[in-house]
Amino acid sequence: MNRSGGASIAEVPTRSVLVVLFDGVQPLDVAGPVDVFSTAAHYAGGPDAPPYVVRTASLGGAAVRSAGGLRLVPDLDLADAETPDVLLVPGGPGVEAATARLAAWLRDRAPGVERVVSVCTGAYLLAEAGLLDGRRATTHWGSCADLAVRYPRVAVDPSPIFVRDGPISTSAGVTAGVDLAIALVEEDHGRAVAHEIARLLVVFLRRPGNQAQVSAQLSAQVARSDPLRDVQYWAAANLTADLSVPALARRAGLSTRQFSRAFTEQVGVTPGRYVDLVRLEAARRMLTDTRDGVIGIAHRCGYGTAEAMRRAFLRDLDVSPTEYRRASTPPPTLTPAPR
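A brief look at the structure comes next. Owing to the predicted nature of the structure, the values given are computational and were not obtained by experimental measurement.

Cut-offs applied
Residues numbered from 1 in each chain as written. Predicted model: local features only at pLDDT ≥ 70, side-chain atom pairs only at ≥ 80, totals over all residues. Heavy atoms only, no water. Core = buried A, V, L, I, M, F, W, Y, C linked by side-chain atoms within 4.5 Å. Buried < 20%, exposed > 50% of the residue type's maximum accessible area, 1.4 Å probe, protein only. Helix = DSSP H or I, 4+ residues; strand = E, 2+ residues; numbered from the N terminus. Contact = heavy atoms within 4.5 Å. 1 Å grid on protein atoms, 1.4 Å probe; cavity = no way out; pocket = protein on both sides within 12 Å on 5 of 7 lines; lining within 4 Å. Points joined across faces, edges and corners; volume = space filled by probe spheres on them. Salt bridge = Lys/Arg side-chain N within 4 Å of Asp/Glu carboxyl O. Phe/Tyr/Trp six-rings, centres within 6.5 Å; stacked < 30°, edge-to-face > 60°. Axes fitted to C-alpha atoms, helices over the stretch in contact; angles between N-to-C directions. Parallel < 35°, antiparallel > 145°, perpendicular 65-115°, else oblique. Nonpolar A, V, L, I, M, F, W, Y, C, P; charged D, E, K, R; others polar.

Observations regarding the nonpolar core
Reasoning step 1: The biggest cluster of nonpolar side chains holds 64 residues, and the ones touching the most others in it are Leu87 and Leu106.
Reasoning step 2: The dominant element in this core, judged by the number of residues it contributes, is helix α5 (residues 175–189), at eight residues.
Reasoning step 3: Apart from residues no more than four positions distant in its own chain, leucine 87 is found in contact with Leu18, Val20, Trp105, Leu106, Ala110, Val113, Arg115, Val116 and Val117.
Reasoning step 4: Of all hydrophobic cores here, the second largest spans 32 residues; its members include Val231, Leu280, Leu287 and Phe313.

Topic: empty space enclosed by the protein
Reasoning step 1: Taken as a whole and judged by the stated rule, the model has one cavity of 30 Å³ or more.
Reasoning step 2: Estimated volume of the largest cavity: approximately 30 Å³.
Reasoning step 3: Forming the walls of the largest cavity are Pro33, Phe37, Leu88, Val117, Val119, Gly177, Leu180, Ala181 and Leu184.
Reasoning step 4: Counting residues per element, the ones that place at least two in the lining of the largest cavity are α1 (27–39) and α5.
Reasoning step 5: For the lining of the largest cavity, the element with the highest residue contribution is α5, accounting for four residues.

Re the pattern of salt bridges
Reasoning step 1: Counted by the stated rule, this structure contains 17 salt bridges.
Reasoning step 2: Between arginine 150 and glutamate 96 there is a salt bridge whose closest N-O contact spans 3.2 Å. Pair noted here: arginine 150 is in helix α4 (residues 144–150) and glutamate 96 is in helix α2 (residues 95–109), with a separation of 54 residues, a long-range link.
Reasoning step 3: Sharing partners across several salt bridges, the network here consists of Arg15, Arg115, Arg164, Glu187 and Asp188.

Here we look at the packing of aromatic side chains
Reasoning step 1: For the structure on display, the rule yields five aromatic pairs.
Reasoning step 2: Relative to tyrosine 52, the ring of phenylalanine 37 has its centre 4.9 Å away and its plane inclined at 55°; by these criteria the two rings are tilted. Of this pair, phenylalanine 37 sits in helix α1 while tyrosine 52 sits in strand β2 (residues 52–58), placing them 15 residues apart in sequence. Just as phenylalanine 37 is buried, tyrosine 52 falls in that class too.
Reasoning step 3: On the basis of an interplanar angle of 65° and a centroid distance of 5.7 Å, the ring pair of phenylalanine 263 and tyrosine 274 is categorised as edge-to-face. Separated by 11 residues along the polypeptide, phenylalanine 263 in helix α10 (residues 256–267) and tyrosine 274 in helix α11 (residues 271–289) bring together distant segments of the chain.
Reasoning step 4: The exposure class assigned to phenylalanine 263 is buried, which follows from its relative accessible area of 1%.
Reasoning step 5: The buried category is assigned to tyrosine 274, whose relative accessible area is 2%.
Reasoning step 6: Through a chain of ring-to-ring contacts, the aromatic side chains of Phe259, Phe263 and Tyr274 assemble into a single cluster.

Some words on the packing of helix α9 (residues 245–252) against α10
Working note: a packed helix pair is described by the angle between its axes plus the distance between those axes.
Reasoning step 1: As a packed pair, α9 and α10 sit with axes 9 Å apart at the nearest point and diverge in direction by 90°. In this view, α9 runs roughly perpendicular relative to α10, as classed from their interaxial angle. The residues of α10 that touch α9, namely those facing Val245, Pro246, Leu248, Ala249 and Ala252, are Thr256, Phe259 and Ser260.
Reasoning step 2: By residue class, the composition of the contact of α9 with α10 is six nonpolar, two polar and no charged.

Structure (structure tokens):
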């Protein structure tokens with residue numbers, strides 16, 4: 001125990017974090033992870049030994065104009081930067097223009113870095129530098145298909161909010177960079193510190209990396225026709241009802257064949273897959289937002305049995321419901337480290 005009565009905090013070395021800046025960078029890709037690393041000082045390390053020291057750098061050390069117009073002044077020139085423990089490469093609309101010069105710098109300097117992290121479309125810079133060749137990676141869901149076409153040696157996974165493959169981590173859009181940064185802090189300082197950072201930054205949930213980038217209702221299209229759209233909303237609100245394809249077809253006033261064809265065309269997934277997704281999403285929400293038992297949640301989400309829900313979680317998330325809940329449950333509260 002520490003002298004404030006909270007859980008003890010192990011001594012750890014200070015890690016250096018270098019954030020790459022360029023014109024057109026997405027400011028939230030920078031500010032989100034930086035806030036996570038700087039906030040860690042409240043719960044780990046000491047007055048003379050912060051857990052992370054964050055510095056920013058650009059080509060030539062010049063100030064940059066971020067997307068949205070904010071002017072960011074870096075700490076130093078990338079050419080003068082020492083090899084950091086963590087190299088963070090944000091994304092933004094300026095990635096395309098910055099690709100050639102930054103990719104050359106990354107190709108030269110990144111191989112000696114312990115952790116290389118990209119946020120959102122920062123993955124393009126890593127891919128151009130060849131750092132993602134033969135690796136699994138992700139980026140913003142809207143850019144995954146393009147990334148896969150432009151860099152066929154990269155195994156692009158459009159589903160998770162972040163992917164960690166060896167020393168390289170890639171994350172999806174803006175807020176996923178916060179999730180990835182919190183995961184890195186958890187690896188360095190434990191779950192208690194990570195959860196306290198999430199609480200202080202008002203992050204609703206410290207999401208595991210394999211959580212989908214978008215919800216079932218967002219990833220599936222909304223049907224154009226009223227009967228099919230009504231079936232979508234009704235199914236999501238009545239998970240314990242008979243949601244078989246024939247039952248849903250009757251509700252839409254169509255034959256089973258007509259319904260299946262029209263639903264798949266308009267929604268982008270089959271009726272059965274849509275039901276799987278909305279049940280899974282509801283179960284995940286109950287596991288993280290309530291203390292209800294797994295058996296009860298399985299019944300309320302229409303799975304019938306806990307085993308059926310477990311199979312669904314393993315198939316789509318590669319974790320069991322119990323493991324999913326454990327990853328999202330806050331540990332005992334820490335007392336902030338003395339400053």
